[in-house]
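Chain by chain, the residues run as shown.
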There are 2 protein chains.
Amino acid sequence: MPDTINPQVIGFGQCCLDILGQTSSYPELDQKAELNSLLVQGGGPVGTALVTLSRLGVPVTMVGAVGDDEFGRQIREGLLNEGVDCTYLAQSSGASSQVAFISVDDDGHRNIFWHRGTASPVVPKSFQAILSNSIRILHLDGLHLEATIAAAEMARSLDVITVLDAGTLRPGMERLLPLIDHLVVSEKFARQTNDDLEVALKQLADYGAQAITITLGKSGSLSRSTDGQTFSQPAFKVDAIDTTGCGDVFHGGYIFGLLQGWPLPQTVRFASACAALKTRALGGRTAIPALQEVENYLRDQTNEST
Amino acid sequence: MPDTINPQVIGFGQCCLDILGQTSSYPELDQKAELNSLLVQGGGPVGTALVTLSRLGVPVTMVGAVGDDEFGRQIREGLLNEGVDCTYLAQSSGASSQVAFISVDDDGHRNIFWHRGTASPVVPKSFQAILSNSIRILHLDGLHLEATIAAAEMARSLDVITVLDAGTLRPGMERLLPLIDHLVVSEKFARQTNDDLEVALKQLADYGAQAITITLGKSGSLSRSTDGQTFSQPAFKVDAIDTTGCGDVFHGGYIFGLLQGWPLPQTVRFASACAALKTRALGGRTAIPALQEVENYLRDQTNEST
């Protein structure tokens, strides 16, 4: 990786509208819960990772699809307000947008009700030209598998680095994994591979990624680098108000580290700090930090531990 | 009540935006559920009762408030599309609209997460003129208590019939109840009064309403008329897809009966049929019947039982 880069990232995948409600406690079956507060905000794995990069100062482009509905309009507006280029965010005629209702209770428990919508991202005809236009990294999630594979194949043919956010191991994903350079997966995904996470790391490494990280929420993360070394990054201690989007923000921070050419432990530590700072407010994006905030936070953490 | 009336109803109270999602099963704490379908539709006790009356052919006016947000725009549009006059539906500057996320599972279980919003209905300066303009009935719910009491007092002074939809017994409601002519309450409200429903009916009657009905879901309803007689109306047997708004639609049907001058048992039977037909589709309003549908349905039920 050269020292001087022109950092640009394309995201290809999900963007969503999150409707977040705070309850005192999650209601039992057949019960009502009055929400103390309500927030409507853009979300989705790739969408929120790109917003993170944008707040960190990286120019980013979203390739995806929304429906021609009110939710789609709000999703696009949310991305544009964050400086995410939406030139290739399609509006699918007659289709519905992805939307999620997220219940967050006073003890930090979170329930997500989500509808994938009928708008699916497709690889645009101009994708090769977009990728070739000084793009360094393609960030993907796995929901719309065939289109994601097509996008990853094109990236590979152009030597564009691929990063995958994988939350659930779905049938057919074994065709996508060999096309990925950096695999950053949920604990659920890893355990679907093997319940022993060290073994899961090794099995996932066999697909060829140069680095694999499993995010473990409060337990931090577990990573394996090209040389087969594994290491843990503890989570930073935070009084979390809302963990929605923590994984997505981790990906944004991770990609930022890749763009800097940092060693994997530094990249993962930076990503972990971004995710920790994110939890300070309700909403997947509200408290995503700017670069200076992350740098200050990491410096303070280092000082405290010395 | 005269035989010939000019049927007009004012509703004063809640209108809401419902976001309904169908799940295979309601998720456990900290779990995700993918929604099989999603529907965004206007709702709320008074709002949906007025829509019912409008579908039955009765001209109606909504007095209430929405926020100056996207949800408020959709609430108003939903009412206007149903022929509900929204001249007195205020848009409160800087306020948020009432919104509900409703999870409906394959077994008919229903969970409601709702946010009351910050837009509150106020009694407009012209309310006396509106009520005097050949309005026969004022329909109320009890959420915004002080404004509701003010509206009911004005109705009483003008000999306008008042109907109250009471779902939860809240502090201070004892000041509202003496202003009500027709009290149609939820089982929850009745049991908050007295767990013996016959006793609850009697205690509620002491506030002076000429008729009281407790809606009991699948168990139908229990009513008490002016002469102290009580009677049950069984629920019509339906394969319910969604019971959201059943109570609201019952109120609309009930008020329709009042406008016709029907005896209470006929009014309650008609209201019950409206609520039964309503359950045929997802959403509080989707399957609200037109008058001809209710009449046909009731005729078929009568034929079957003979």
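Since the structure is predicted, the reported quantities are computational estimates derived from the model, not experimental observations.

Rules used in this analysis
Residues numbered from 1 in each chain as written. Chains lettered and ligands numbered in written order. Predicted model: local features only at pLDDT ≥ 70, side-chain atom pairs only at ≥ 80, totals over all residues. Heavy atoms only, no water. Contact = heavy atoms within 4.5 Å. Buried area = accessible area lost by both parts, 1.4 Å probe. Salt bridge = Lys/Arg side-chain N within 4 Å of Asp/Glu carboxyl O. Polar contact = N/O pair within 3.5 Å; in protein donor to acceptor, adjacent residues only side chain to side chain. Helix = DSSP H or I, 4+ residues; strand = E, 2+ residues; numbered from the N terminus. Least-squares fit on C-alpha atoms with pLDDT ≥ 70 in both. Disulfide = S-S within 2.5 Å. Buried < 20%, exposed > 50% of the residue type's maximum accessible area, 1.4 Å probe, protein only. Phe/Tyr/Trp six-rings, centres within 6.5 Å; stacked < 30°, edge-to-face > 60°. Pairing = 2+ DSSP bridges. Right-handed = clockwise from strand over helix to strand, strands pointing away. Axes fitted to C-alpha atoms, helices over the stretch in contact; angles between N-to-C directions. Parallel < 35°, antiparallel > 145°, perpendicular 65-115°, else oblique. Left-handed = near helix turned anticlockwise from the far one by under 90°. Nonpolar A, V, L, I, M, F, W, Y, C, P; charged D, E, K, R; others polar. pLDDT = per-residue confidence, 0-100.

## Structural notes on the interface of chain A and chain B
Buried accessible area, meaning the area lost when the parts come together, often serves as the stated size of an interface. Chain A puts 32 residues into the contact, and the matching count from chain B is 32 residues. Roughly 2800 Å² of surface becomes buried between chain A and chain B when both sides are summed, with 61% attributable to carbon and sulfur atoms. Ranking the residues of chain A by area buried against chain B places A:Glu34, A:Phe113 and A:Trp114 at the top, with a combined share of 21%. On the surface where chain A and chain B come into contact, there are 4 salt bridges. Among the ionic pairs, B:Glu70 bridges to A:Arg73, the shortest N-O distance being 3.8 Å. Summed over the shared surface of chain A and chain B, the result is 23 residue pairs in polar contact (both at pLDDT 80 or more). Those elements that provide at least two residues to the side of chain A that touches chain B are strand 2 (16–23), strand 3 (32–34), strand 4 (37–43), helix 2 (70–81), strand 7 (99–105) and strand 8 (110–115) of chain A. With 6 residues, strand 8 of chain A is the single largest residue contributor to the side of chain A that touches chain B.

## Some words on the relation of the copies chain A and chain B
For the pair chain A and chain B, the superposition axis carries a translation of 0.0 Å, the fit reaches an RMSD of 0.0 Å, and the rotation angle comes to 180°. Taken together, the turn and the small shift mark the pair as related by a two-fold rotation axis. In terms of proximity to the rotation axis, the leading residue of chain A is A:Phe101, whose C-alpha is 3.6 Å off the axis.

## Observations regarding the state of the cysteines
All names here are of chain B. All chains considered together, the criterion is met by 0 disulfides over all chains. Free of any disulfide, Cys15 has its nearest neighbouring cysteine sulfur in Cys86, separated by 7.6 Å. A relative accessible area of 3% places Cys15 in the buried class.

## A word on the packing of aromatic side chains
The final tally for this structure, using the stated rule, is 19 aromatic pairs over all chains. Each ring, one from A:Phe256 and one from A:Phe270, has its centre 5.0 Å from the other, and the planes form 20°; the classification is stacked. Of this pair, A:Phe256 sits in helix 7 (residues 246–260) while A:Phe270 sits in helix 8 (residues 264–278), and the two are 14 residues apart along the sequence. Like A:Phe256, the residue A:Phe270 is buried in the burial classification. Following the ring pairs from residue to residue traces out a cluster consisting of A:Tyr26, A:Phe101, A:Phe113, B:Tyr26, B:Phe101 and B:Phe113.

## Notes on the pattern of salt bridges
Residue and element names in this part refer to chain A. A complete count under the given rule lists 22 salt bridges over all chains for this structure. The partner of Asp181 in a salt bridge is Arg156, with the nearest N and O atoms 2.9 Å apart. In this pair, Asp181 is assigned in the loop between strand 10 (161–166) and strand 11 (182–186) and Arg156 in helix 4 (residues 145–157), connecting sequence segments 25 residues apart. The buried category is assigned to Asp181, whose relative accessible area is 15%. With a relative accessible area of 34%, Arg156 lands in the partly exposed category.

## With respect to the pairing of strand 9 (residues 137–141) of chain B
Residues and elements named next belong to chain B. Across the 5 residues of strand 9, 5 count as buried, placing the element largely inside the fold. Here strand 9 shows two buried faces, one formed by Ile137, His139 and Asp141 and the other by Leu138 and Leu140. When strand 1 (residues 9–12) meets strand 9, the two strands line up parallel, connected through 4 bridges. Within strand 9, the residue paired with Val9 across the bridge is Ile137. Judged from the 5 bridges that link them, strand 9 and strand 10 (residues 161–166) form a sheet pairing that is parallel. If you follow Leu138 over to strand 10, its bridge partner there is Thr162.

## A closer look at the pairing of strand 6 (residues 89–92) of chain B
Residue and element names in this part refer to chain B. Where strand 5 (residues 60–67) lies against strand 6, 4 bridges are found, and the strand directions are parallel. Residue pairing across strands places Gly67 opposite Ser92, the latter belonging to strand 6. Between the parallel elements strand 5 and strand 6, the chain passes through helix 2 (residues 70–81) in a crossover that is right-handed.

## Some points on the packing of helix 1 (residues 45–55) of chain A against helix 7 of chain A
Residues and elements named next belong to chain A. Remark: helix 1 packs on helix 7, axes separated minimally by 7 Å, with the N-to-C direction vectors making an angle of 50°. By the criterion of interaxial angle, the relationship of helix 1 to helix 7 is oblique. Judged by the twist between their axes, the crossing of helix 1 over helix 7 is right-handed. Residue-level contacts link Pro45, Thr48, Ala49, Thr52 and Leu53 of helix 1 to Asp248, Val249, His251, Gly252, Gly253, Ile255, Phe256 and Leu259 of helix 7. In terms of residue class, the contact of helix 1 with helix 7 is made up of 7 nonpolar, 5 polar and 1 charged.

## Notes on the confidence of the model for chain A
All names here are of chain A. Overall, the predicted model of chain A reaches an average pLDDT of 94, with 97% of residues at or above 70. Between residues 1–7, whose pLDDT stays under 50, and residues either more than four places distant or in other chains, the model counts 13 contacts. Scoring of the predicted complex yields 0.91 for pTM and 0.90 for ipTM.

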